[in-house]
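Understanding the architecture of this molecule
Chain by chain, the residues run as shown.
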Amino acid sequence: MSKPRSAGTRAERARPIDHQAAHEIQAFGHLARLPIALGENAARLSVANLNQVLADTITLRDLYKKHHWQVAGPTFYQLHLLFDKHYEELSELVDTIAERIQSLGGISLAMAADVAETTIVPRPPKGREEVPVQISRLLHAHEIVLEEARTMARQAAEAGDDGTSDLLVSDVIRTNEKQVWFVSEHVVDVPLVKAR
Ligand SMILES: [Fe+2]
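In this text the structure is predicted, and so the values were computed from the model without any measurement.

**Here's the deal with the side chain of Arg100**
Summarising the element assignment, Arg100 is placed in helix α3 (residues 76-103). Within polar-contact distance, the side chain of Arg100 engages the side chain of Asp161 at 2.8 Å.

**A look at unusual backbone geometry**
Despite not being glycine, His19 shows a phi value in the positive range, around 55°. Taking the relative accessible area as the measure of exposure, His19 reaches 77% and is therefore exposed. Of note in this structure, Ala37 is not a glycine but carries a positive phi near 55°. Here Ala37 shows up in the loop between α1 (7-13) and α2 (40-70). Residue Ala37 is classed as exposed on the basis of its relative accessible area, which comes to 84%.

**Structural notes on the packing of aromatic side chains**
In this description, a pair of aromatic rings is defined by centroid distance and the angle of the planes. One pass over the structure, following the stated rule, counts 2 aromatic pairs. With a centroid separation of 5.0 Å and 75° between ring planes, the pair formed by Trp181 and Phe182 is classed as edge-to-face. The exposure class of Phe182 is partly exposed, given its relative accessible area of 34%. A cation over an aromatic ring shows up here: Lys65 above the ring of Tyr87, its NZ or CZ 4.4 Å from the ring centre.

**Side note on the environment of Leu31**
Relative to the helices and strands, Leu31 is located in the loop between α1 and α2. Sequence-wise, Leu31 and Glu117 are 86 residues apart; in three dimensions their C-alpha atoms are separated by 21 Å. With sequence-adjacent residues up to four places away left out, Leu31 is seen in contact with Gln26, Glu40, Ala43, Arg44, Val47, Leu104, Gly105 and Gly106.

**Description of helix α5 (residues 131-159)**
Between its first and last C-alpha atoms α5 spans 42 Å; for 29 residues at 1.5 Å apiece the expected length is 42 Å, and the two agree. Just past α5, the residue Gly160 takes up positive phi, approximately 95°.

**Comments concerning a nonpolar patch on the surface**
On the surface, a nonpolar cluster with roughly 320 Å² of combined accessible area is contributed by Phe76, Tyr77 and Leu81. The residue Phe76 is located in helix α3 in this model.

**Points about the nonpolar core**
Counting residues in hydrophobic clusters, the biggest one holds 43 residues, and the most contacted among them are Leu50, Val53, Leu54, Tyr64, Ile97, Leu168 and Val172. Elements with a minimum of two residues in this core: α2, α3, α5 and α6 (162-184). Considering each element in turn, this core owes the most residues, 11 residues, to α2. Once residues lying within four places of it in the same chain are set aside, the contact partners of Leu50 are Ile97, Arg100, Ile101, Leu104, Thr164, Leu167 and Leu168.

**Structural notes on the environment of Gly73**
With respect to the secondary-structure elements, Gly73 resides in the loop between α2 and α3. Taking the C-alpha atoms as reference points, Gly73 and Val121, separated by 48 residues in sequence, lie 26 Å from one another.

**A closer look at α3**
With 28 residues, α3 should cover 40 Å at 1.5 Å per step; its first-to-last C-alpha distance of 40 Å lies within 8% of that length. After α3 finishes, the residue Gly105 shows a positive phi value of roughly 90°.

**Overview of the packing of α2 against α6**
Interaxial distance between α2 and α6 falls to 13 Å at its minimum, and their mutual angle equals 25°. Judged by the inter-axis angle, α2 sits roughly parallel to α6. Crossing handedness for the pair α2 and α6: left-handed. Contacts from Ser46, Leu50, Val53, Leu60 and Tyr64 of α2 reach α6 at Thr164, Leu167, Leu168, Val172, Asn176, Gln179 and Val183. Class assignment for the residues of the contact of α2 with α6 results in 8 nonpolar, 4 polar and no charged.

**What to know about the pattern of salt bridges**
With the rule as written, the count across this model stands at 10 salt bridges. Close ionic contact of Arg33 with Glu40 constitutes a salt bridge, the shortest N to O distance being 3.7 Å. In this structure Arg33 comes out as partly exposed when scored by relative accessible area, which is 46%. A salt bridge links Arg61 to Asp62, with the nearest nitrogen and oxygen atoms 3.0 Å apart. When its relative accessible area of 17% is taken as the criterion, Arg61 is described as buried. A single salt-bridge network, built from bridges that share partners, covers Arg33, Glu40 and Arg44.

Conventions adopted
- Residues numbered from 1 in each chain as written.
- Predicted model: local features only at pLDDT ≥ 70, side-chain atom pairs only at ≥ 80, totals over all residues.
- Heavy atoms only, no water.
- Helix = DSSP H or I, 4+ residues; strand = E, 2+ residues; numbered from the N terminus.
- Polar contact = N/O pair within 3.5 Å; in protein donor to acceptor, adjacent residues only side chain to side chain.
- Buried < 20%, exposed > 50% of the residue type's maximum accessible area, 1.4 Å probe, protein only.
- Phe/Tyr/Trp six-rings, centres within 6.5 Å; stacked < 30°, edge-to-face > 60°.
- Lys NZ or Arg CZ within 6 Å of the ring centre and 35° of its normal.
- Contact = heavy atoms within 4.5 Å.
- Expected span 1.5 Å × (residues − 1).
- Patch = residues over 30% accessible without salt bridge, like charges linked within 9 Å, V, L, I, M, F, W, Y side chains within 5 Å.
- Areas by Shrake-Rupley, 256 points an atom, 1.4 Å probe, with all protein chains shown as cover.
- Salt bridge = Lys/Arg side-chain N within 4 Å of Asp/Glu carboxyl O.
- Core = buried A, V, L, I, M, F, W, Y, C linked by side-chain atoms within 4.5 Å.
- Axes fitted to C-alpha atoms, helices over the stretch in contact; angles between N-to-C directions.
- Parallel < 35°, antiparallel > 145°, perpendicular 65-115°, else oblique.
- Left-handed = near helix turned anticlockwise from the far one by under 90°.
- Nonpolar A, V, L, I, M, F, W, Y, C, P; charged D, E, K, R; others polar.

Printed below as a string of structure tokens:
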């Protein structure tokens, strides 16, 4: 017959085990093959491409939050709200891209330092800038994402990865194109009060 546990042992079992460490279960850049009837080369290409578009989308998303906080001038209120709306939409998009990478057996980039190393969107200064400059930065970042997403969508379709191609077209390209429209109308030079 086993000995009944002492009160001390029971208390010990309820204690959280913290400060644990172990080796990674999957290294970045390695593919965990999933039964999705997709060749390894196609999955590998899509994971690499999607991590690039992920890093650039995270950077664009954060650029919107920076501008949401730092915007100045007579259009403060509407741009403050619009920038945050686009931030939220891009947050959803970031999650969609990252989870596609995982569902291909890859590992999605996640942390700011890794994103900063990977993105090709130029780094803005820490300080505040005027609205037309903020908008120019956003439009440039959108164009970087759109250009790479169109190329990557074609590559994914050619490799037989229709799921990734569809995500790039339906989610990445369409979201970016619509946001470009909303933002770029703010730098059209039309009179506010008196027609020219
Ligand atoms: Fe806010």
